[in-house]
Amino acid sequence: MRISTNSTTDLAVASINQQQTAMAKLQAQISSGQKLQTAADDPAAWAQGMSLDQQIANINTYTANVSTAQQRLGMEENALASSSNVLQSISELAIQANTATQSPQSLQAIASQMQQYYEQLLSYGNAQDGEGRYLFAGSNSTSLPFTQGSSGVNYNGDQNARLLAIGPNRSVADSDNGASLFMTNRSGNGTFELSAAAANTGTAQPATSQVLDPGLWDGGSYSISFSGGNYQVTDSSNNVIGSGAYVPGNGIRFRGIEVSFSGQPADGDSFSVGASQQKDVFKTISDLIGLVRNPPATAAGRAQFQTRMQGLQAELSNGLDQVVNVRGTVGARLAALDDASNSLGSQLVSAKSTLSDVRDVDLAQASTELNQRTVTLQAVQLAYAKVQGLSLFQYLR
Amino acid sequence: MSDMMTTGVSALQAFRQALNTVSSNISNSSTPGYSRETTALQTTPSGGVLVQQTNRMTDAILFQRSLGDNASYSRLDTFQQLASQIDGLTSGSTTGLGGPLQNFFTALNGLASDPQSTANRQAVLAAANGLSDQFGSLQSQMSGMESNINDQLTQAVSQINQAASSIADLNNRIALSNGGPQAPNALLDQRDALVKQLASNIGITTVKQDDGSINIFTAGGQALVLGSNTQKLSLVPGDYGTGRQEVAIGDKAINVNSQISGGVVGGLLDARSQLLDPAETALGTLAVTLTQAVNQQNAQGVDQNGAMGANIFAPISGSALPSSRNAGSAGVSVGFADVGQLTNASYRLNYDGSSWHLTDVSSGAAVPMTGAGTAASPFVAAGISLQISGAASAGDSYLVKPTAYAAAQVQVTTQDPAKIAAALPISVSSGLGNTGSTSVAVNAIGNAADPDLRSPVTILFSSPSTYSINGSGSYAYSAGQAISLNGWSITPAGAPAAGDSFQVGPMSANSGDNGNAVLLAGLSSKGVLNGGNTSLSAANTAMVSQIGSIAQLASARSDAAQAIQQQTQKDSDAVSGVNLDEEAADLVRYQQAYQAAAQVISTAQNLFQTLLSAARGT
């Protein structure tokens, strides 16, 4: 085959071009640290890289939400711990107040102390986060959630929960509203409340009260009256639904509940049983303070005092349970956040390492290839110089 | 002896000419388009030598092959350059949409974590502005490419016309010397070079005529050169006012755009249909979907002032371009009825005098429409709605490219950070004395436009299975069921007991509720395109990788075409190219022959002298 002199040059130039193009590409890869410069380099890998970018952005978002929620729930947890301590202390004071050895002066002191705790509890309910927003106001977080009104404490927040996404299809509430915390308690033992008639003259007072079968309890009003050593239970239409001999400590059962009494009722004494009503914990405490400030003077009054005290103590204990429950869910959420944080951390590491595999240049490989290209380029240049030096004209001088 | 003299002189002349040819070869060894020449020698009857012809060494088959190779390489290379431009644009970390999209949704998520923070609200607006800028800049880059293509077409067409008239001129001169003793080699070389250039520009077929001239046709069959006559190409504006120049031919400028397929012109036209159209449509679809989804979601919440959310982005309208031949004055406005149904197709809307018809431009298939084309009942098809105003004449047509120019319309309409509706429009609560169900959640705002959406409502359960609304009515209920009214839907947790109540009321201003912000942020991964199967970020990824694939393929095909072209070039160089070593040998050969011929003459002269002196001597 004939080779034209021009094609020798063309061939060398084409091949030098080819090497230099490859070298320029390698240089771009090495200097940017990235294997792919545009999607055209490897469309599938580029798409994978983009979706990993998206995934990493999502993980970062979730991580930010986790730490926001951790911070807010941490503050809530503090306020709840303090609240439950306060309620605990009030319970202890109530037990103290309920002993017969207290003098009227010491009862006044106890009542003042209770008042202090009451104020404290209110202030915990109005706790704020670092930015001046109220923790327990729901979404109404710029207005004071608990205010003291003439007829008790009002809740001014709402019940909207703010959910933060901490994973795909997974979110966590970053707060709890004050209504569910302090306002939804119920009077008595939560199912029914027992109160002594004001005219009672005996010393009978409730010893125990419990729900045996919630299905049988109908929420009606009942009266237990005593006469001649016997008791009688009547419903609101005065129908007798149970009766028997009164034995202190023995349970009186009707409509799925059981109450027992201690002490000796006078003839005609009666206790009424009714469904529990909504009663916020602040009302319970202020009732308690009111009770302690007015100690009984007579044995009959003492029985009345005891009856009310027992009811209020049950309410207080339910109130404490409510706070403890909420605190329990906060703890569970914080634990879930810890898990999420760990899992997001490892997801991030794995996404980043995959992204690095997809997109980052292997420097060792790229520099080796650059070296090879350099050697080839030098060889092409050398070959061209050699071929170019061969001309018949040189020998024809 | 006189014979010897005659043959000697003929040899001197012949070798002199052969040496001329060799020197011409040497001096043109680097001239592009030059074909190597050889001297064909012939014996004369008297035993002398005669230059029969100076032959031009070419191969007609290789020449034809190089025409095809040039046309396809130029076409693919032109396309590849534009493809890599768009690829760089959409993939670039600073020019692509990926970053701004991510920023926007990250900002929305920040808003969800603290909806009362003005800084977070500002961040959302800033990210929305960034997104709108990026859409605008991508669209303007693509429009820039459109005008770039127009410019390149103008240039290519003027080169084609110049080459065609030069070829016609050369045809004329070549025909004049046709039948002469010596072929016009230089003219043929010039013409071949021009024909190759023409092939690179548009892709041609050639037909050789008996008189030595060649006729040239485009690949679509339009004559560019017929003997010494030419038909000029020109550019005319496209029929539908797209701003695109189209190729026309002849004095009457007949539009032949659809029949052009090769060379630079073919590559430019390919880039329009295979690159810019899909890219602009995909970008526009993203723009329309994003703005509509964000606006719709924002309208489902309340802003910081306690008002229902207004548009964050300006609503986008689609494009319907009237034909320049339309006689009527009807206007067509294009809306988006269902972005999930949008396709990448373009449509033609025709009026036949009594009714309107929609056809898919690429497939030609009829697309059924519902509705009447009025404002109250627009035509609806393939996710778009068409509204006709004014009077159309029979035969009027419109080119409907639903999202092609949408990206330029992405604008943030509000700069007031309070206008972002982060909160749900309603606030729900359960009665404090509830014993069965103590909390209630909003499932969804089904119809934010309901006039009673935010009216206060109290739902009271008179028994676990019946409830009343605002004290009236009695509705059956079973635990876990949703209660829907006034455009909202809520579900009480657990099983409500008798006496349980739930309240729904308007969300207050400056609320810390993030219900709608969460939904706004969730648009990032929500399936909103393609029938609800593709999210915005997935659609962007698909667009980028699709353009990347086109660019990758274009580059591979252009490399392959280049290799083929180079191979053909090498093959034809092997026939037509000058090898200096060969010429050096020829130089020596003819020089020696010339010297020998001179010696013959000298010998003849000696012989003659010998004879003369012999005669003188006798």
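Here the structure is shown first, and the text comes after it.
Here goes a summary of the coordinates provided. Given the structure is predicted, the values throughout are model-derived calculations rather than measurements.

## A few points about the overall build of chain A
Each helix and strand counted, chain A has 7 helices and 12 strands in total. Dimensions of chain A, computed from C-alpha atoms along their principal axes, come out at roughly 155 × 45 × 30 Å. Going through the 397 residues of chain A one by one, you find that 36% of them count as buried. Taking all contacts inside chain A whose residues are at least 6 apart in sequence as the whole, residues at least 24 apart take part in 70%.

## Regarding the interface of chain B and chain A
Accessible area lost when the parts come together is the quantity often used to give the size of an interface. Counting from both sides, the interface comprises 51 residues of chain B and, opposite them, 46 residues of chain A. Taken together, the elements giving at least two residues each to the side of chain B that touches chain A come down to α2 (60–91), α3 (98–113), β18 (426–430), α8 (536–576) and α9 (580–617) of chain B. Looking at the side of chain B that touches chain A, the element that brings in the most residues is α8(B), giving 14 residues. In terms of residue class, the side of chain B that touches chain A is built from 14 nonpolar, 32 polar and 5 charged.

## Here's the deal with the pairing of strand β2 (residues 152–155) of chain A
Relative to β2(A), strand β1 (residues 146–149) of chain A runs antiparallel, the two being bridged by 4 bridges. Each residue of the ladder has a partner; that of A:Phe146, found in β2(A), is A:Tyr155.

## Thoughts on the sheet that holds strand β12 (residues 347–351) of chain B
Strand pairing in a sheet takes place through backbone hydrogen bonds and is either antiparallel or parallel in direction. Residue and element names in this part refer to chain B. Strand order in the open sheet made by the 5 strands is β10-β17-β12-β13-β14, with antiparallel pairing throughout. Taken across any chain shown, the strands that pair with only one partner, and hence form the sheet edges, are β10 (319–322) and β14 (366–367). Pairing between β12 and strand β13 (residues 356–360): 5 bridges, direction antiparallel. From the neighbouring strand, arginine 348 faces β13, where its bridge partner is threonine 359.

## Some points on helix α6 (residues 263–298) of chain B
Residue and element names in this part refer to chain B. Over its 36 residues, α6 runs 51 Å from end to end, which matches the ideal 52 Å to within 8%, given 1.5 Å per residue. Bending of α6 peaks at approximately 35° at the position of alanine 271. Taken across its 36 residues, α6 has 27 buried, putting it largely inside the fold.

## With respect to the pairing of β12(B)
Residues and elements named next belong to chain B. Along β12, the buried face is formed by Tyr347, Leu349 and Tyr351; none of Arg348 and Asn350, which line the opposite face, is buried. Count of turn residues in the β12/β13 antiparallel hairpin: 4 residues, of which glycine 353 carries a positive phi of about 105°. As judged from the 4 bridges shared by β12 and strand β17 (residues 397–401), these two strands associate in the antiparallel manner. For tyrosine 347, the partnering residue across the bridge sits in β17 and is valine 400.

## Some points on the sheet that holds strand β24 (residues 488–492) of chain B
Residues and elements named next belong to chain B. Spatially, 3 strands are ordered β19-β24-β23 in an open sheet, and the strand pairing comes out antiparallel. Each having just a single partner strand, β19 (440–445) and β23 (483–485) make up the two edges of the open sheet. Averaged over neighbouring strand pairs, the angle between their axes works out to 25° when direction is ignored. Sheet analysis places β19 next to β24, joined by 5 bridges and oriented antiparallel. When the sheet's bridge partners are listed, valine 442 is paired in β24 with isoleucine 490.

Parameters and conventions
- Residues numbered from 1 in each chain as written.
- Chains lettered and ligands numbered in written order.
- Predicted model: local features only at pLDDT ≥ 70, side-chain atom pairs only at ≥ 80, totals over all residues.
- Helix = DSSP H or I, 4+ residues; strand = E, 2+ residues; numbered from the N terminus.
- Buried ≥ 20, exposed ≤ 12 C-beta atoms within 10 Å, placed from the backbone.
- Contact = placed C-beta atoms within 7 Å.
- Nonpolar A, V, L, I, M, F, W, Y, C, P; charged D, E, K, R; others polar.
- Pairing = 2+ DSSP bridges.
- Expected span 1.5 Å × (residues − 1).
- Bend = angle between axes of the 7 residues up to and from the residue.
- Axes fitted to C-alpha atoms, helices over the stretch in contact; angles between N-to-C directions.

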